[in-house]
Amino acid sequence: MWGDPCLKLKSLAVVAVLLAGVWSLAGCGEKQFDVVLTVDGQSVSPSLYRMYQIQSYLEASSRAASVTDTIDGMSVPEWINDNTKTLLREWRYYTQAFDAAGLALSDAEETSLQQQITQGWQSAGAVYLRNGVDRESYAEFQRSAARMEKLFEQYCADLTDEEIQRYLDEEFLLIEYVQLPCFDADGELLGEEQRAELEQLAQDTMDEMRPESDFGALCAPAVEQSYQIGGFSSTENLTEEDYLFSTYLAKNASDDNAALAQQVAKVPVGGFGIYEDEQFILLFHRLPNWETQEDFEALRPSVLWEMRGDAFEAEGAKVWESYELVEDPEAVEWYAPLKLDLSAPTDAELAKADLSGDEENTASSGAEE
């Protein structure tokens, strides 16, 4: 709940595919298709289809605990198939819109994109190859994200830095925080006496805070003692990276962070506070949303997406939702999403795969399923 920043740039950049615990039911056998479907008359190869299916699979795994759950009223496999088609519609649209706008990546942007492709392929190429995705399709996936981002920049070109900064400061709150667990090592909520001890510990820590205080350092003893109260394992090697986090909160959040955002909004920038729910006591330090121009430039893409991302997507959807999409039912059934295997690569797979990035690796469209 607390670890995910609220400000995120919507993009097609794939998240890490080496996911522990992601559900997967890989099948077996071999078959070959030239095309899985066509969208707006453009054929989609099995390799490219699989690339976008992996993105949908990862999105589904973040929204459902198991393959037996439902997402938006659909079974997990149905949702993955439906979302994959949507992503491919978007891919087709961004390609056409990019060309129609006469846009091109700058030399610096092209260099950055190639570095991203090379690094991503070196990191996860063996997993992609296992699932029938070649390097060319992976590169096209990343290039589509670059096209979209360039189109979005053009869409927001009328906004000044002052307008973007004002929106950021009016709509968001930045905090650093630590969490004191209100449950024990067995996952059971603390008893009344232990909870009271934890609350006193939190208050004593807050009483020590001064404007010039090192928040993380002052919270360290409280974190250690809270773990001891809950009977957790030794905190001897605990570092700030283990317990000190930061996040942006939307001031008008309507999700699980709404109550926390309301509490934080009452504290001036530089101030400290306590927030409690059933699971945690949160000690927080409110920070400026940004301080340097470098800070702002790093946040700028995410803030722009918060400002206009929905409108940008809605405008594109008017076009891509009208695209004719024709499936090869046999191919779609063959490349079923639950045949994907995104587990870590074996030593044998790493040895077999050429992940240097010097050559375009290819994977058979009839890769083992």
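Before going into details, it helps to say that this report is about the structure given with it. (Residues numbered from 1 in each chain as written. Predicted model: local features only at pLDDT ≥ 70, side-chain atom pairs only at ≥ 80, totals over all residues. Heavy atoms only, no water.)

Let us now look at the pairing of strand β5 (residues 172-181). Where burial is concerned, most of β5 is hidden: 10 out of the 10 residues are buried. Of the pairings in the sheet, the one linking β5 to strand β6 (residues 245-250) comprises 6 bridges and is antiparallel in character. Among the inter-strand pairings, Leu173 is bridged to a residue of β6, identified as Leu249. With 8 bridges connecting them, β5 and strand β8 (residues 280-287) associate as antiparallel partners. Paired with Val178 across the bridge in β8 is Leu283. (Buried < 20%, exposed > 50% of the residue type's maximum accessible area, 1.4 Å probe, protein only. Helix = DSSP H or I, 4+ residues; strand = E, 2+ residues; numbered from the N terminus. Pairing = 2+ DSSP bridges.)

Here the focus is the pattern of salt bridges. This structure, assessed with the given rule, holds 12 salt bridges. A salt bridge links Arg92 to Asp40, with the nearest nitrogen and oxygen atoms 3.2 Å apart. Of this pair, Arg92 sits in helix α2 (residues 76-100) while Asp40 is found in the loop between β1 (37-39) and β2 (42-44), placing the two residues 52 residues apart along the sequence. Bridged by salt links that share partners, the residues Arg130, Asp341 and Glu349 form one connected network. (Salt bridge = Lys/Arg side-chain N within 4 Å of Asp/Glu carboxyl O.)

The 4 strands are arranged β6-β5-β8-β7 in an open sheet whose pairing can be described as antiparallel. The outermost strands of the open sheet, each flanked by one partner alone, are β6 and β7 (272-276). Across the sheet, the axes of successive neighbouring strands diverge by a mean angle of 35 degrees, strand direction being ignored. Across the sheet, helix α7 (residues 215-229) is in contact with β5, β7 and β8; its angle to β5 comes to roughly 35 degrees. (Axes fitted to C-alpha atoms, helices over the stretch in contact; angles between N-to-C directions. Contact = heavy atoms within 4.5 Å.)

Below, the discussion takes up the packing of helix α3 (residues 107-130) against helix α4 (residues 135-155). Between α3 and α4, the shortest axis-to-axis distance is 9 Å and the interhelical angle comes to 140 degrees. Relative to α4, α3 is oriented oblique. As α3 packs across α4, the resulting crossing turns out to be right-handed. Contacts from Glu109, Glu110, Leu113, Gln114, Gln116, Ile117, Thr118, Gly120, Trp121 and Tyr128 of α3 reach α4 at Arg135, Tyr138, Ala139, Gln142, Arg143, Ala146, Lys150 and Glu153. (Parallel < 35°, antiparallel > 145°, perpendicular 65-115°, else oblique. Left-handed = near helix turned anticlockwise from the far one by under 90°.)

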